[in-house]
Amino acid sequence: MPAAPGRFLKSLQNFFQTVVRVVFGEIHWQPPIWLRPIGRFILGHRIAASLVTLVILASAIAVYLFEHLPQPEFSKVYVTAPDITPLEKDLKPKPVTIVFDKSAVPLNKIGTTVKLQMTPSVAGEWRLKSDNTLIFLPATDWPPATRYQVTLPESELAKDIRLQTNVVEFVT
């Protein structure tokens, strides 16, 4: 006849107590007064306490895993604001340059003009200087201390270019 489950659990508990006693010696601990009601509550509601513990543990694991998910690699974009236009007889405003850290357009588009939205709007044209450089040649001089936003549409860029944001800013 098999041993009763209660006797088996008791012998298993005695075994682990003996192992702990051999490794750590005798341990006598009493909880502080403020912890005793919590312990009594947990002993009285074991299933609820176990479920709450499991939910907290699962939430902590989920947050850890979410924070350590692989992040996509974004291309870097650098904007060079225009310098002050030198005083000369024939005023030629300085261009704005947008440079990508890798090839951003197909090679057959180099030298062509591109439609980009710039806010506030300035007369001029965006031109692809190389496979990773856009240049804006303004028709008139830049107003001083003005913040500009340029929107880079995905349709104008190579398929493998991923930007964290498709808006770049510069100040004259």
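Residues numbered from 1 in each chain as written. Predicted model: local features only at pLDDT ≥ 70, side-chain atom pairs only at ≥ 80, totals over all residues. Heavy atoms only, no water.

To continue, consider the packing of aromatic side chains. Inspection of every chain in the model, using the stated rule, returns 6 aromatic pairs. Aromatic pair phenylalanine 136 and tryptophan 142: ring centres 5.7 Å apart, planes at 55°, arrangement tilted. Taken together, the aromatic side chains of Trp126, Phe136, Trp142, Tyr148 and Phe170 make up a single cluster linked through ring pairs. (Phe/Tyr/Trp six-rings, centres within 6.5 Å; stacked < 30°, edge-to-face > 60°.)

The subject of this paragraph is the sheet that holds strand β8 (residues 167-171). Read across the sheet, 3 strands follow the order β4-β7-β8 without closing on themselves; strand pairing throughout is antiparallel. The two strands at the open ends of the sheet, each matched to only one other strand, are β4 (117-119) and β8. Adjacent strand axes in the sheet meet at a mean angle of 20° when their direction is disregarded. Pairing of strand β7 (residues 147-151) with β8, which is carried by 5 bridges, proceeds in the antiparallel orientation. Counterpart to tyrosine 148 in the pairing with β8 is phenylalanine 170. (Pairing = 2+ DSSP bridges. Helix = DSSP H or I, 4+ residues; strand = E, 2+ residues; numbered from the N terminus. Axes fitted to C-alpha atoms, helices over the stretch in contact; angles between N-to-C directions.)

Okay, unusual backbone geometry next. Note the cis peptide between threonine 119 and proline 120, where omega equals -10°. In this structure, alanine 145 is a non-glycine residue whose phi angle is positive, near 50°. Mapped onto the fold, alanine 145 is located in the loop between β6 (133-138) and β7. Residue class for alanine 145 comes out exposed when judged on its relative accessible area of 69%. (Buried < 20%, exposed > 50% of the residue type's maximum accessible area, 1.4 Å probe, protein only.)

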